[in-house]
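Spelled out, the chains give:
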Amino acid sequence: MKDLLVILWHYLGQYAKTRLAYKADFLIASFTSILATIAGYGFVLVLFTRIPHLQGWKFEEILFIYGFSLMPMGLFNIISLNLYEFGDAYIVEGKFDRVLLRPLHSLFQVLFENFRLESLQEIIIGMAAVGYCSVKLGIPWDLTNLIEFPLLVFCGAVIYIFVFVILSSVNFWFEDRIGIAPPVYNMIAFGRYPITIYNAFIQFLLNWIIPFAFASFYPTVRFLGRKEFMREFYLIPLVAAAVVALALFVWDRGVRQYKSTGS
Amino acid sequence: MPIFSRLPGHEGVTVPIIEARNLRKEFRVFKRREGVWGAVRDLFHRDYVTLAAVDGINLNVEEGEFLGYIGPNGAGKSTTIKMMTGILVPTSGEIVAAGLDPYRDRTRYTKTIGVVFGQRTQLWWDIAVIESFKLLRRIYDVSTEDFRQRLGLFGELLGLDELLHTPVRKLSLGQRMRCDIAAALLHYPRIVFLDEPTIGLDVVAKDRIREFLKEINRTMKTTILLTTHDLSDIEELCRRIAIIDRGRLLYDGTLDGLRRRLGRFNQILVHLHDRHSGLQLGQALGSGNGIQWEHLDELTCRIHYNREQVSSAEIIRKIVNQVPVRDIFIEEQPIEEIIKTIYSRGL
C-alpha cells in the first residue's frame, strides 16, 4: 500500500513534467475549465432569478448541493481522464498491452497514468459555494461535520470513478472507440439537484441504476437537515462499496477477455 | 507436421524456463458485410467465425537459450508471445514460465520478464528518456545503486548517454529502440521477449542492438526469445529456431539442422576468364541432372544444383576441365530461400 502511494506520487510527478512540456496547452485548458464551471453556476443563478423556490428548496440549499457535487466530481475529473479515453487509446490502439506488462494492478495504472489537474478549480469553486451557503443557512462546522464532509466527498468520488470503471470495462467486450461513457457523463449533472424534482423513472435511475444521487445529493441531506432522506444517507458507504466490488469484478472479467491488437 | 528435434546435450538436464503445452488461442471474429446496407444488417445479426491464431503449440525453452521464433505475417507469432507474457489468456493448454503462470501470477511474473515490441514504445512519449527510466526504477523496485550501475553499463553498450535527456518523441527510430531495450532490461529480467526489435532499422543500428543482445545473453544467461522477419538477425544470434505457420509449429531445432534437412540446393559462383567461355560452360554442364545456371553478368555465372542428384566435386571437375575460369565459390542456399520454401510449401 505504501509502495503504491509512492508510485502514485511519481506518476503525478511524471504528469507534471509532461504538462510542463506544453505550457500554453495547460494554461488554455485551465482557463476553459474555469469558464465551464462558472457557466454551470450561471445556470443555477438564472434559474433562481425566475423562481424563488424549487419544490420547497431554497436557492442557498440548491447552491450548497451544487457546490458539494463539484468536489467529488472535481476529484473524479482529476483522476478519470484515462477512463474517458479508455476504449480509444487503451483498447483499440492496444496501449493496454503495456499496462499488462508492468508489475502493478492494471486498473491502478489506467487510473493514475494521466491526470487532469485543472479540475482542481472545481473543488476550489465548490468549496467557496459550500462555505458561502453554510454561512447563509447557519450550518455549524463542528467536529462531526468536519470529519464527515471529506469522507462524503471521498465516497462520492469513489462512486463516480467506479461507475465509469464499469462503463469502460464494457470496451473489453465491444471494442469501440467511444463507448457509452459520454451520455452517462452528462447524467452527472442530474445528480446535482434534489432528487424529488424528477419523475419516478429518473429518480429510480439515479438511485439504483447509475447511483449518482448517492454521490452528490444524499451526502448533503444531513447538513441541510432533511430528515426524510436519512435512510439513503446511511446507505452511501454501502453503495460506494457495492459499486467498487462490481467494478473490480467486471474489470477483472474484462481483462481476461482482452484481445489486444493484431500485431 | 511438427517436428521436434531437441538441441543435443539439453535432454533432461534442467527444467525449462518456459514450458508451453498444447497452447491454443482462438479468436471469435465477426464477418462484416460489405457496403452500407451490409453495415445496417450487421447491427441486427452478426455472423461469427472462430479462428485459431495459435493451434496447439508445444515449446520448451531452456534457461540461457537464444531462440528465434519466426513465421510469415499472421502466423501466430505475436499471439504466442502475448500469451507467454501474460497479455492474452490462452483458450486452452498451459504455460509455465519461471515457475509461474503468466496470466494468473501476472504482477509477480512481469518482474521476471522484459518485453520489447518493435512497433510501439514502452516509454512515456513527452518526457526525457531518463525520466521514464526513473519511473520504471520505482515500478520495478530497483535499488538506486543497481540502477546507476545498470544505466552505466547499458549507456556504454548501447550508446545511450547523449539520448538520456531527449524527449522520446524527438528520438529517431533506432535511438528509440535502443532506449526501449534498455528500459525493458533495467530490472534484469530472467526472460526477455523481443517482438521485431530490428524492424525498420539501418545496418549500424541493427548491429549495435545485436551485439548488445549477444552480450546480455552471454554474460547474464538471460533467456531471449526473438521474433523477426530479418533472417540475418536469426543467423547472427539464435542457436535455435522455431518456425510457426497458421498457428502450428513447423520446425523446432538448429539453423544448421534446417539447412541439412531442406538445403537440398547448393549454388556455385563461377568467374569466367573471358566472355567467350560462357558458351563452353553451358556445354560442359549439359542439361538435366537438376543443374540450372544463370548469367549474372558477362563474366559471372551462378549454377544451381540439387545436392542429392549431383555432387559439388563433379560439377567443379566438369567446369575446370573444359572452361577457362578465374574463380569458383561454393555457396550455401541462403536461409531466406529455405524459409521461403517452407512458408509456401511447408516442410
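In this text, all values refer to a predicted model and were calculated from it rather than measured experimentally.

Undergrad: Just to check I follow, could you spell out the layout of surface pockets for this structure?
TA: If you roll a probe as big as a water molecule over the atoms, it shows you where there is empty space left. For the largest pocket, the calculated volume is near 1300 Å³. When contributions to the lining of the largest pocket are tallied by element, the ones reaching two or more residues are helix H12 (230–257) of chain A together with strand E1 (18–31), strand E2 (47–61) and helix H2 (77–84) of chain B. The element contributing the most residues to the lining of the largest pocket is E1 of chain B, with 6 residues. By residue class, the composition of the lining of the largest pocket is 15 nonpolar, 14 polar and 13 charged. Computed from the structure, the second largest pocket encloses a volume of approximately 680 Å³. Secondary-structure elements contributing two or more residues to the lining of the second largest pocket are helix H1 (2–21), helix H3 (59–84) and helix H4 (86–92) of chain A.

Undergrad: Explanation requested: the packing of helix H2 (residues 23–50) of chain A against helix H7 (residues 120–137) of chain A in the structure shown.
TA: Relative placement of two packed helices is described by the angle separating their axes and the distance separating the axes. Residue and element names in this part refer to chain A. Packing of H2 against H7 brings their axes to within 10 Å, and their N-to-C directions diverge by 30°. Comparing their axes, H7 and H2 come out roughly parallel. The two elements H2 and H7 cross, and the hand of that crossing is right-handed. The segment H2 lies against H7, with Ser33, Ile34, Thr37 and Tyr41 engaging Gln121, Glu122, Ile125, Gly126 and Ala129. Looking at the contact of H2 with H7 residue by residue, the class counts come to 4 nonpolar, 4 polar and 1 charged.

Undergrad: How do you make sense of the confidence of the model for chain A when you look at a structure like this?
TA: For residues with low pLDDT, the predicted coordinates do not support detailed interpretation. Chain-level statistics for chain A give a pLDDT mean of 89 and a share of 97% at 70 or above. The lowest-confidence element of chain A is strand E1 (residues 53–54) of chain A, averaging 76 in pLDDT; the highest-confidence one is H12 of chain A, averaging 96.

Undergrad: So what exactly am I meant to see when it comes to the sheet that holds strand E13 (residues 325–331) of chain B here?
TA: By definition, the strands of a sheet pair up through backbone hydrogen bonds, in either a parallel or an antiparallel sense. Residue and element names in this part refer to chain B. Overall, antiparallel pairing links the 4 strands, which are arranged E11-E12-E10-E13 in an open sheet. If you trace the sheet from one side to the other, it starts and ends with strand E11 (291–297) and E13, each paired once. Along the sheet, successive strands turn relative to each other by an average axial angle of 20°, direction set aside. Here strand E10 (residues 265–272) pairs with E13 via 6 bridges, running antiparallel.

Undergrad: In this structure, what is going on with the pattern of salt bridges? I would like to understand it.
TA: Note that side chains of opposite charge can pair when their charged atoms are close. Residue and element names in this part refer to chain B. As enumerated under the stated definition, the model contains 32 salt bridges over all chains in all. Its salt-bridge partner being Asp55, residue Arg24 comes within 2.3 Å of it at the nearest N-O pair. Of the two residues, Arg24 is situated in strand E1 and Asp55 in strand E2; the sequence distance between them amounts to 31 residues. Arg24 sits in the partly exposed class, given a relative accessible area of 25%. Arg150 is the partner of Asp146 in a salt bridge, and the nearest nitrogen-oxygen pair spans 3.5 Å. With Asp146 and Arg150 both in helix H5 (residues 144–158) and 4 residues apart, the pair spans about one turn of that helix.

Undergrad: Before we go on, may I ask you to explain the interface of chain A and chain B in this structure?
TA: One widely used convention gives an interface's size as the accessible area the parts lose upon coming together. Each partner contributes residues to the interface: chain A has 29 residues there, and chain B has 28 residues. Both faces considered, chain A and chain B share a buried interface measuring about 2800 Å² in area, 56% of it formed by carbon and sulfur atoms. The largest share of the area that chain A buries against chain B comes from Leu101, Arg102 and Pro103 of chain A, three residues that together contribute 25% of it. Counting the contacts that link chain A with chain B gives 3 salt bridges. Lys17 of chain A is paired through a salt bridge with Glu131 of chain B; the nearest N and O atoms lie 2.7 Å apart. Taken together, the connections running from chain A to chain B amount to 10 residue pairs in polar contact (both at pLDDT 80 or more). Broken down by secondary-structure element, the contributors of at least two residues to the side of chain A that touches chain B are H1, helix H5 (96–100) and H12 of chain A. Of the residues belonging to the side of chain A that touches chain B, the class tally is 12 nonpolar, 9 polar and 8 charged.

Definitions and cut-offs
- Residues numbered from 1 in each chain as written.
- Chains lettered and ligands numbered in written order.
- Predicted model: local features only at pLDDT ≥ 70, side-chain atom pairs only at ≥ 80, totals over all residues.
- Heavy atoms only, no water.
- 1 Å grid on protein atoms, 1.4 Å probe; cavity = no way out; pocket = protein on both sides within 12 Å on 5 of 7 lines; lining within 4 Å.
- Points joined across faces, edges and corners; volume = space filled by probe spheres on them.
- Helix = DSSP H or I, 4+ residues; strand = E, 2+ residues; numbered from the N terminus.
- Nonpolar A, V, L, I, M, F, W, Y, C, P; charged D, E, K, R; others polar.
- Axes fitted to C-alpha atoms, helices over the stretch in contact; angles between N-to-C directions.
- Parallel < 35°, antiparallel > 145°, perpendicular 65-115°, else oblique.
- Left-handed = near helix turned anticlockwise from the far one by under 90°.
- Contact = heavy atoms within 4.5 Å.
- pLDDT = per-residue confidence, 0-100.
- Pairing = 2+ DSSP bridges.
- Salt bridge = Lys/Arg side-chain N within 4 Å of Asp/Glu carboxyl O.
- Buried < 20%, exposed > 50% of the residue type's maximum accessible area, 1.4 Å probe, protein only.
- Buried area = accessible area lost by both parts, 1.4 Å probe.
- Polar contact = N/O pair within 3.5 Å; in protein donor to acceptor, adjacent residues only side chain to side chain.

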